Amino acid sequence: MSEPLLRVTDLSVGFRAKGKPLAKAVRELSFDVQRGETLAVVGESGSGKSVSALAMLGLLPGTAEITGSAIFDGADLVGMKSKELRTYRGRRIAMIFQDPMTAFHPAFTIGNQIAETILVHGLDDKEGAHRQAADLLEMVGVPEPGIRVDQYPHEFSGGMRQRAMVAMAIANKPDLLIADEPTTALDVTIQAQVMEVLAEMQREVDAAMILITHDLGVVANVADRVQVMYGGRIVERSVVDNVFYRPRNPYTRGLLTSLPRLDGARTDRLEPIKGSPPSILSMPAGCAFEPRCPHATDVCKERPAELESLWLEHESRCHHHAELPDWGTPVTDEVNA
Amino acid sequence: MADTTAEKPVDRTVHHPPGGEIAAITPSVLDDVVVFSEAPQSFGQQAWKRFRSHKLAILGAILLVLLVLAFYLAPLFSEYEYDDINVLDRAQGPSWDHWFGTDDLGRDLFVRAMRGGRYSISISVITGLIAAAVGGLLGALAGYFGGIVDTLISYVINLFLTIPAIAVLLVLGVKFQLDQYKMAALIAALVWTRGARVVRALMLQFKEREFVLAAKSAGATSSRIIIKHLMPNVAGALLVEATLLAGTAIILESTLSFLGLGIQPPETTLGILIDEAKGSIDTSPARILIPGMLVVLIVLAINFIGDGLRDALDPQQELES
Amino acid sequence: MSSNGSAPLLVVDDLVTHFPIRSGFLKRTTGWVQAVNGVSLSVHPNETVGIVGESGCGKTTLGRSILRLVEPTSGRVTVNGESITDASAGELRDLRREMQMVFQDPYASLNPRMPVHDIVSEPLQIHGTPKGKAREMASDFLAAVGLLPEHGNRYPHEFSGGQRQRIGIARALMLEPDLVILDEPVSALDVSIQAQVINLLEDLQERFDLTYLFIAHDLSVVRHISDRIAVMYLGNVVELTDRDTLYEAPAHPYTQALLSAIPVPDPHLEATRARVVLQGDIPSPANPPSGCRFRTRCPIATDLCAEEQPKLTELSPGHEVACHFPLANGELLADRVN
């Protein structure tokens, strides 16, 4: 098995509010990302999915406490000095954020900002960078790129801004793209466009991608592997088919059954997960999901389970994963497309 | 490429993100659900807690209380009156008899300073109240009703903003005898606009909030919405403004009195004391320093309290530490 | 569960809401945001009509215009036969007892300075019920939405998003309205909480005999809860039909594109679906295209579409479409394009 592009080992991120104990948003997270693959990180609010990515790139406030390691192509990102981290950010690892409105500086043109990321990372030629910026805009499907490259962010629509963000991210042909909820703020028809562009660009520069999202539909569309997070930990991880067709974790199953599905049979009732996601300020001592789990027993209250390997490529963190009832694949009607 | 696959012990050292980076996350990334382990806390109770933990604000509050007590009670301990002229004792430095010394007419400076402080505080408080009431009301009406009401009130606000405060006060001070109430009213007339603008902006912001729409859809009248829904959310900011205006008022008043206008002798304010002392800066600097320091202390105390109020009433996320 | 034959509870007739764009020193009107551009529909007792669309389609403005939280520019709205649009302030107050709204943002829809029992009991207090009695009834409704009566003493910031939404729902039910307009009630909630609130809404509908107008952008949710669905685009209804027909045989190109764009949590299906991905952005409602507003992104638009705006006409009983070239009988857009 070849060397992973990114190896995260026991990454933990905590925040300390005044006078309160350390609140851990991410707990001993470990995962690998291989070159060229797409790993989806799925979770709801409080799961720690975004915080872990921001921690790796040094984008959290200085009060965050980070332990563990994130080894990217031989170098540990955690604890790296600012100066060195900056050579990675934007060049070898690029991040795409959720909110296209705040990701760009309103007082500089889009072309300027894309060119800046090119110039900062080596190219010395301003005009060349500007031309490249226009080319990139064309690649991501922004109409009239020659004109648009000199426009300001407020002159772009949300979908176009997101495309511009993709352009900026791939400008230096990164090895790894981290997309944090890239489509959540967009309309459905624009979402489809942007995901298409993102997948295309990923192939174009041959990058790996960590896709952070709560939208299982998007995951089914693009992911190779999926890891499901809850309460700061991974609760299930496998190739995409296993997670959707053969889930072996109560939380994953709960997520799948609580979704109203466009393709499913018209069942009369959804099966929600009772209760609410836990706050990082008050995590249960045992399994984080136990208060909401229909299969919970006493041992679940006492201690969280380990992430166990069920068979090749499929891991689950649950005391009772072996005793879970059979999972029938939901009836799949044809969807008009 | 370095070989890092050999098992190495997990790195347990704690790292912090490199300093100087702009915080890229908002607190929404961290969940905020509260478990009901504590008793219900109204916004007021929470605000009080936050105020209590703001050290400078508490310092300011204590300072202000001490000053007020001193101004009103301390003269009782002295046998002198503020207008006791005693030419034989004039121009003396501080002594056991006259704690702050005497002025050119032999009047005890301690008692005069205390009395001056009294006036300064009362004028500033009255000014703050008037400015807050007028500014708050007009700002609320302008913000809530919009349209022509807003246009008119905004014109009035802009008009007042163009008036040079000191110049007007000078002219009016020359023409009229001013007692403390008229002074307060006059100064308030010149500083109320700040409060009005703050309240107006907040009103504009809040009146589109969904909880206001919900009240409307339940049938609430405009006055109910303004009084029950909007004002409680605006009151905090108005209170902060009022405290800061009070501070401004003292400085304006002192300036006026220094220029010889406003309240006339033998009554005294801190500004008058400074004015009277300006001739003896070389011989007895204490005469000017003492009232000057008192003004500084009062304004500092008020500003600290204002800071504390602002933090208490405008909750920034607790997680920002 | 639509009731045929009974008189409609809500009738919207050619409703138009335009917002003026003012600029310049004298605040002259330089243009109009055509948020709602002539919408007509009716809702029958006990049914759920879903309104679906993306940004700029006007669905939220439609909901607010129906309640006159935003003043419509023209058109008529009647509830139980009585006109809302022509009502005086006093009449409007009374009419509002019959229709209530649940809002989208659980953080902005509750007054942060009021305790929950006051928030929930306020509608009754406004209409004359004494405070004590109103609070009692508030406790009942809090229980109906799954919260405990003692939660009434607490403040909104102490609750989670899903719980706040429940409080908003309890408040909407206090006046025992006939019609509840729900404006994106679950969009701001976590996925695992959405299902809870949806089930709750269905239960309440049955228990209290409610009629819903359910506004959302998420077609999966709308499909689950609605009897009939109206698809809106840039201020107009482009398709209106019952749930099954909409998902099995959508006739408007936009509806098909919308359905096609939604990713489904099924990897094999996703890999094999034929999709139609629309090009271009949604135009601004301040500057809509001439003729059919969808034509700039429509893969089958012709010259006629630029000249003449298609009206909402009946394609088959119970199925209305606004298109010059509707895709009838299950025809796929992907096929027509190729």
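If you're wondering where the values come from, they're calculated on a predicted model, not measured in any experiment.

Rules behind the numbers
Residues numbered from 1 in each chain as written. Chains lettered and ligands numbered in written order. Predicted model: local features only at pLDDT ≥ 70, side-chain atom pairs only at ≥ 80, totals over all residues. Helix = DSSP H or I, 4+ residues; strand = E, 2+ residues; numbered from the N terminus. Rg over C-alpha atoms; globule rule 2.2 N^0.38 Å. Buried ≥ 20, exposed ≤ 12 C-beta atoms within 10 Å, placed from the backbone. Contact = placed C-beta atoms within 7 Å. Pairing = 2+ DSSP bridges. Axes fitted to C-alpha atoms, helices over the stretch in contact; angles between N-to-C directions. Core = buried A, V, L, I, M, F, W, Y, C linked by C-beta atoms within 7 Å. Expected span 1.5 Å × (residues − 1). pLDDT = per-residue confidence, 0-100. Bend = angle between axes of the 7 residues up to and from the residue. Parallel < 35°, antiparallel > 145°, perpendicular 65-115°, else oblique. Left-handed = near helix turned anticlockwise from the far one by under 90°. Nonpolar A, V, L, I, M, F, W, Y, C, P; charged D, E, K, R; others polar.

Now for the overall build of chain C. Of regular secondary structure, chain C possesses 12 helices and 12 strands. Relative to the compact-globule value of 20 Å for 338 residues, chain C shows a C-alpha radius of gyration of 21 Å, a close match. In terms of principal-axis extent, the alpha carbons of chain C reach across some 65 × 55 × 45 Å. Looking at chain C residue by residue over its 338 residues, the buried ones come to 54%. Long-range pairs, those at least 24 residues apart, make up 65% of the contacts in chain C with a sequence separation of at least 6.

Scanning chain B for helices and strands turns up 10 helices and zero strands. Listing the helices and strands of chain B from first to last along the sequence gives α-α-α-α-α-α-α-α-α-α. Classification of the 321 residues of chain B by burial places 40% in the buried group.

Attention now moves to the environment of Lys278(B). All names here are of chain B. With respect to the element layout, Lys278 can be found in the loop between α9 (270-277) and α10 (286-313). Taking the C-beta count within 10 Å as the criterion, Lys278 has 11 such neighbours and is therefore assigned exposed. Along the primary structure Lys278 and Leu169 are separated by 109 residues, whereas in three dimensions their C-alpha atoms are 21 Å apart.

All names here are of chain A. Strand order in the open sheet formed by eight strands is β6-β7-β8-β3-β9-β10-β12-β11, with mixed pairing between adjacent strands. The sheet is open, and its two borders are formed by β6 (93-96) and β11 (307-311), each paired with just one other strand. Sheet twist, expressed as the average angle between the axes of neighbouring strands with direction ignored, equals 20°. By the bridge criterion, five bridges tie strand β3 (residues 38-42) to strand β8 (residues 208-213) in an arrangement that is parallel. When the bridges of β8 are listed, Leu39 appears paired with Ile210.

A few words on the nonpolar core. Formed by 283 residues in total, the largest nonpolar core has its most connected members in Ala55(A), Val166(A), Ala167(A), Leu213(C) and Phe214(C). Among the elements that make up this core, the one with the highest residue count is helix α3 (residues 109-145) of chain B (15 residues). Residues contacting Leu213(C), with those up to four places away along its chain left out, are Val43(C), Val49(C), Ile51(C), Gly63(C), Leu179(C), Ile181(C) and Leu182(C).

Residue and element names in this part refer to chain C. Read across the open sheet, the eight strands follow the order β6-β7-β8-β3-β9-β10-β12-β11; overall the sheet is mixed. In this open sheet, the two strands that pair with only one neighbour each are β6 (99-102) and β11 (313-316). Neighbour-to-neighbour, the strand axes of this sheet turn through a mean angle of 20°, independent of strand direction. Taken together, the four bridges between strand β3 (residues 48-52) and strand β9 (residues 228-233) define a ladder with parallel strand orientation. Looking at the pairing, Ile51 lines up with Ala230 of β9.

Helix length check: helix α6 (residues 191-208) of chain C, at 18 residues, gives a terminal C-alpha distance of 26 Å against a target of 26 Å (1.5 Å per residue), a fit within 8%. Of all the positions in α6(C), only Val191(C), Ser192(C), Ile193(C), Gln194(C), Ala195(C), Gln196(C), Val197(C), Ile198(C), Leu201(C) and Leu204(C) are classed as buried. Here the buried face of α6(C) lies against α11 (250-258) of chain A together with α4 (131-144), α5 (161-173) and α7 (219-225) of chain C. Taken from the residues just after α6(C), Asp209(C) is the one with a positive phi, measuring 60°.

A separate point is the confidence of the model for chain C. Predicted coordinates in regions of low pLDDT should not be interpreted in detail. Taken over all residues, the pLDDT of chain C has a mean of 89, while the share at 70 or more is 97%. Confidence estimates for the predicted assembly give a pTM of 0.83 and an ipTM of 0.86.

Take the confidence of the model for chain B next. All names here are of chain B. With 84% of its residues at a pLDDT of at least 70, chain B reaches an overall mean of 78. Low pLDDT (under 50) marks residues 1-8, which in the prediction has six contacts with non-local residues, meaning those over four places away or in another chain. Confidence drops under a pLDDT of 50 for residues 316-321, and excluding neighbours within four residues, the segment shows 11 contacts in the predicted structure.

Let us now look at the interface of chain A and chain C. The interface is formed by 41 residues belonging to chain A together with 43 residues belonging to chain C. Elements with a contribution of two residues or more to the side of chain A that touches chain C: α7 (158-170), α8 (188-205), α9 (216-222), α10 (240-245) and α11 of chain A.

The next thing to look at is helix α6 (residues 180-206) of chain B. Compared with the 39 Å implied by 1.5 Å per residue over 27 residues, the 37 Å span of α6(B) between its first and last C-alpha is a close match. Along its length, α6(B) shows its largest kink, about 45°, at Leu190(B).

The next thing to look at is the pairing of strand β9 (residues 225-230) of chain A. All names here are of chain A. When you tally the buried positions in β9, you get six out of six residues, the bulk of the element. Because side chains alternate across β9, one face comprises the buried residues Arg225, Gln227 and Met229, and the other comprises Val226, Val228 and Tyr230, equally buried. The pairing of β3 with β9 spans four bridges and is classified as parallel. Its bridge partner lying in β9, Ala40 is registered against Val226. Where β9 and strand β10 (residues 233-239) come together, six bridges link them in antiparallel fashion. Bridging across to β10, Met229 finds its partner in Ile234.

This brings us to the packing of α11(A) against α6(C). Where α11(A) contacts α6(C), the axes come no closer than 9 Å and their chain directions differ by 45°. The angle between α11(A) and α6(C) places the two elements in the oblique class. As for how α11(A) packs across α6(C), the hand of that crossing is left-handed. For the pair formed by α11(A) and α6(C), the contact residues are Gly254(A), Leu255(A) and Ser258(A) on the first element and Val191(C), Ser192(C) and Ala195(C) on the second. In terms of residue class, the contact of α11(A) with α6(C) is built from three nonpolar, three polar and no charged.

Note that Ala61(B) resides in helix α2 (residues 55-73). C-beta crowding within 10 Å serves as the criterion here: with 19 such atoms nearby, Ala61(B) is assigned to the partly exposed category.

Here the focus is unusual backbone geometry. For Glu181(A), which is not glycine, the phi torsion reads 50° and is therefore positive. Relative to the helices and strands, Glu181(A) is located in the loop between β7 (176-180) and α8. One non-glycine residue with positive phi stands out, namely Glu176(C), at about 50°. The topology assignment puts Glu176(C) in the loop between α5 and β7 (179-183).

This brings us to the packing of helix α4 (residues 147-162) of chain B against α6(B). Residues and elements named next belong to chain B. Packing of α4 against α6 brings their axes to within 9 Å, and their N-to-C directions diverge by 145°. The crossing of α4 and α6 is left-handed. Two secondary-structure elements touch here, α4 through Ile157, Phe160 and Leu161 and α6 through Thr193, Ala196 and Arg197.

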